[in-house]
Amino acid sequence: MIRVTINGVAHEAMAGERLIDIINRIGTKISQVCYHPQLGPIQTCDTCMVETNGKLVRACATNASAGMEIFTKSEKAVAAQRDAFNRILSNHVLYCTVCDNNNGNCTIHNTEKLLGIEHQAIPYHAKPYEEDHTNPFYRYDPQQCILCGRCVEACQNVQVNETLSINWEDPHPRVQWDGGSTIGESSCVSCGHCISVCPCNALMEKSMLGHAGFFTALSKPALSGMIDVVKGVEPETGYGAILQLSEAESRMREGRIRRTKTVCTYCGVGCSFNIWTKDRHILKVEPFEGPTNGISTCIKGKFGWDYVNSADRLTKPLIREGGKFREATWDEALDLVARKFAEIKAKNGPDALAFVSSSKCTNEESYLMQKLARAVIGTNNMDNCSRYCQAPATQGLFRTVGYGGDSGSIRDIENAGLVLIIGSNTAEAHPVLATRVKRAHKLRGQKLIVSDLREHEMAKRADLFLRPTPGTDIVWLSAVSKYLLDNRMADTAFLQGWVNGLDEYKKSLAPFTMEFASRVCGISVDILEKVAHMIAEASGVCILWAMGITQHSMGSDSSTAISNLLLVSGNYMKTGTGAYPLRGHNNVQGASDHGAMPNFLTGYQSVDDPEVRSRFEAAWSVQLPSTKGLDNHEMIEAIYEGKLKAMYLFGEEMSLVDSNANFVGEGLSKLDFFVVQDIFFSATCHFADVVLPASPSLEKEGTFTSTERRVQRLYQVFEPLGDSQPDWRIIQEIANRLGAKWQYQHPSEIYREIASLTPLFAGVTYERLEGFKSLQWPVAADGTDQPLLYTKEFAFPDGKARLFPLERTEPTDQPNAEFDLHLNNGRLLEHFHEGNMTYRSEGIRKKTPDTFVEVSPELAEERGIQSGTWVQLRSRYGQVRVRALVTDRVQGKQLYMPMNSAESPVNRLTSSHTDAVTHTPAYKEASVHLRVLPEIGESPLPRINHRFGHPTPQHGVEVERKWKRADYRMPGNGLVQIQAK
């Protein structure tokens, strides 16, 4: 700590801290148009000039030193600030009263008010450019753009999509997309970073335009006339009087615009933000304070909310009669559900019923679902969709380190010297998390190794890209571990102090030589040795993996091999290290955490542990079943065997997302009674006897748990649409009709009960999660959480980790002469899962209207395929008809098909083979025959899809180019030009 003096008053500061941050922290007001705390110094606006040691410097780019005297309000500083802002006004028309951005948070408006400039010293200069409306979600108005460069900095160095730049050398500089393309035909991924940081109305969401203000819906001519009036009166009245009018209009908006904090309901990253609404119209999503994402969003989190107000939302219960569905009252539907459940239980026993919880719904709702199954019905037949994706990763961590969750936070991944991504298309499946890896790689020298079948974005960015033979990751991972041990490159001190089982593990590695791995995996020995050396030499290693690892018949063992490698190399127990299985859904971590599993109650407390059961039995006043129940995979088998008669499923599209979809669908049709609870009439609803209309996340309160083990609150934005209800209320109604006496009035009461029964969440309360606060489990009773696990010990009784011996197993469903192509599948940036939510966004649908199959250029040439050619894919289990997309993202006889289609679901092609330990389907082990159909259509990706764009990477705004312009001069006298960040 050092002491500095600001305007004559002494303050403590950190040595090297930016002056602007000190000034802001102590509450001194100073203009700062281009500065944003999450972007750092950009240095384009010059409005934060301060005086120190008799010289003017930019406060955003000057670091504090001991004894420094800073003046923000000296004559020289104020003159420089006003001079700089006058130049900004020459690029911007102040028509705040009729501007949709007049909501109290416009930086230009607030700076004008702060500096009190009554009249522009430099006239406004129009630019020779039209507005760009070619993106479906936002527009750019170059006439209002002040060239602060915030958007460029966010795109280049936070999102790292590297689309935006400013042509500083042009006579009329402007923000450019791909160096001069329209937005719609550029590489822009519609993440929204640029709009979120824009300090004015140059970049705005189209959902705001004409909706936010009281006058902004007027016709263009009328608005232009009002703007001309403002221009006309400014010379006489000054801006002060004009701003008073606009501020009155802004205060009027406060009564009809609500800003409500929520948590994203798509992937597992856990982005949180404020959502702006007017009645049921969503004006915009505003990220800033989220502990995981800050200013960041992806296309889905920023713009993918249209489904909430979709016209085809379920709003009334439906009952099947005579092969058709009819509307029913809630009492009629719930009475029928309770009666049928009771009858089936009485006739066939409690294990004739099964329950499937939702990874999209809240922790409280998953808890109630498993409580309904166990305490009311009396069965452990309880599961959730982690069975389809992340159960093997959890198993691998249970075996080796004790907790089934990420070792740390996304910030810890940023701190790694090396990130190794295996079987994860991170930039599309977990885009905001990927931005942090891309940023660390670009700006901080972090090394990146990617192992995947496809050369996706992260693979293209990688320092080293591996393309192993499908299903062989366990081989090369084990070979690298063996190489480290054999060549004295392992962390011996760490192994001796913190790890058990080394001798047995070493023995199990005998087959995994580098030569064997090279032969099996198709990777050269030199490359494998380079991987080993990069791991050994790194300051810290984080390994990120997802469904490319877990959705194999050896998914648990491959996940275990990852953790083994981290232990051998000493990469646990400190920041910048550890295991990061990236959770696919917003609350798939939370659903498992909160007991929606056949073998665990909340917090992974085993159902066969007498002490655990006695605690829950005392709290619930029931006797609980003691043996493991059926998981999702076993439930379908049990239907065919005649053992399972009824199922209650909510918030899951089971008939499409389970593997071997034809087999699953036929099984669901055999149930005596099937209840589906959802927000839309999904494909799975077609098999139901009763369909119950539920509410999405914006219509209820509760908590989600992200991939970081981060528990966050979501707040209710809208009232439930029509007669739909939050899932927790529906589950409670069914339980009470079956004899329970639950009286929960709010989800906070449910979580209070969870915390009382679950040591892992003992200190989780709604008060501690208020606003944007969060907790990362385990959470002690006093509220102390653990953002970084294993800093003191591992989660085993002796505090030590365990190396787990492994054997190689062959993948299933391998290609042969008939089924000669390997079919891979996975996520797509724009869509989520089968697309039930994202296809209801018109903008997303325009950019990516349908699914497709990626075909390599060499296979396309061999088979006579071009982008748009219709092909039939046939496996041993089913077939689909789909258009081809020729791309070098895949090679040779590898195909890739996104999972986002209800009409041509990829799971009609996948098998019933599973991971031997967890029964997670082997989705990634599929072989198909491809038949070229005579039809040729348009490319499945339209020209406005970002994949056709051409990014323009550069180092941020490159403000030095602005400073070289002939018309640039530094404001004030004696300005010292400070170095760029």
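The model shown is predicted, which means the values in this text are computed figures rather than measured ones. (Residues numbered from 1 in each chain as written. Predicted model: local features only at pLDDT ≥ 70, side-chain atom pairs only at ≥ 80, totals over all residues. Heavy atoms only, no water.)

## Regarding the nonpolar core
Alright, step 1. Counting residues in hydrophobic clusters, the biggest one holds 99 residues, and the most contacted among them are Phe341, Phe355, Leu372, Leu544 and Tyr648.
Alright, step 2. When neighbours within four sequence positions are excluded, leucine 544 is seen to be in contact with Ile413, Val419, Leu420, Ile421, Ile422, Leu433, Val437, Tyr580 and Leu582.
Alright, step 3. Within the second largest apolar cluster, 57 residues are counted, among which are Leu477, Met514, Cys521 and Leu806. (Core = buried A, V, L, I, M, F, W, Y, C linked by side-chain atoms within 4.5 Å. Buried < 20%, exposed > 50% of the residue type's maximum accessible area, 1.4 Å probe, protein only. Contact = heavy atoms within 4.5 Å.)

## Looking at the sheet that holds strand β22 (residues 578–581)
Alright, step 1. Strands sit in the order β19-β18-β17-β21-β22 across an open sheet of five strands; the sheet is parallel. Both edges of this open sheet fall to β19 (464–466) and β22, since each of them pairs with a single strand only. On average, each strand axis in the sheet is inclined to that of its neighbour by 15°, with strand direction left out of account.
Alright, step 2. Sheet analysis places strand β21 (residues 541–545) next to β22, joined by four bridges and oriented parallel. The residue bridging tryptophan 545 from the neighbouring strand is proline 581, located in β22.
Alright, step 3. Lying over the sheet, helix α20 (residues 525–537) contacts β17 (418–422), β18 (447–451), β19 and β21, oriented at roughly 130° with respect to β19. (Pairing = 2+ DSSP bridges. Helix = DSSP H or I, 4+ residues; strand = E, 2+ residues; numbered from the N terminus. Axes fitted to C-alpha atoms, helices over the stretch in contact; angles between N-to-C directions.)

## Let's talk about the sheet that holds strand β29 (residues 710–714)
Hydrogen bonding along the main chain pairs the strands of a sheet, whether they run parallel or antiparallel.
Alright, step 1. Reading across from one edge, β28-β29-β30 is the order of the three strands in this open sheet, with antiparallel pairing throughout. Either end of the sheet is taken by a strand with one partner, and the two such strands are β28 (702–705) and β30 (774–776). The mean inter-strand angle of the sheet, taken between neighbouring strand axes irrespective of direction, is 30°.
Alright, step 2. Both β28 and β29 contribute to a ladder of four bridges, which runs antiparallel. Bridge pairing links threonine 703 to arginine 713 in β29.
Alright, step 3. Packed on one face of the sheet, helix α10 (residues 363–377) meets β28 and β29 and runs near 95° to β28.

## Observations regarding the packing of helix α11 (residues 391–400) against helix α22 (residues 555–568)
Alright, step 1. Running from amino to carboxyl end, α11 crosses α22 at an angle of 45°, the nearest separation of the two axes being 7 Å. As summarised for this structure, α11 and α22 are arranged oblique, according to the angle between their axes. In the crossing of α11 with α22, the sense of the turn from one axis to the other is right-handed. Along its contact with α11, which presents Pro392, Ala393, Gln395, Gly396, Leu397, Arg399 and Thr400, the element α22 presents Gly555, Ser556, Asp557, Ser559, Thr560, Ser563, Asn564 and Leu567.
Alright, step 2. Its residues assigned to classes, the contact of α11 with α22 shows four nonpolar, nine polar and two charged. (Parallel < 35°, antiparallel > 145°, perpendicular 65-115°, else oblique. Left-handed = near helix turned anticlockwise from the far one by under 90°. Nonpolar A, V, L, I, M, F, W, Y, C, P; charged D, E, K, R; others polar.)

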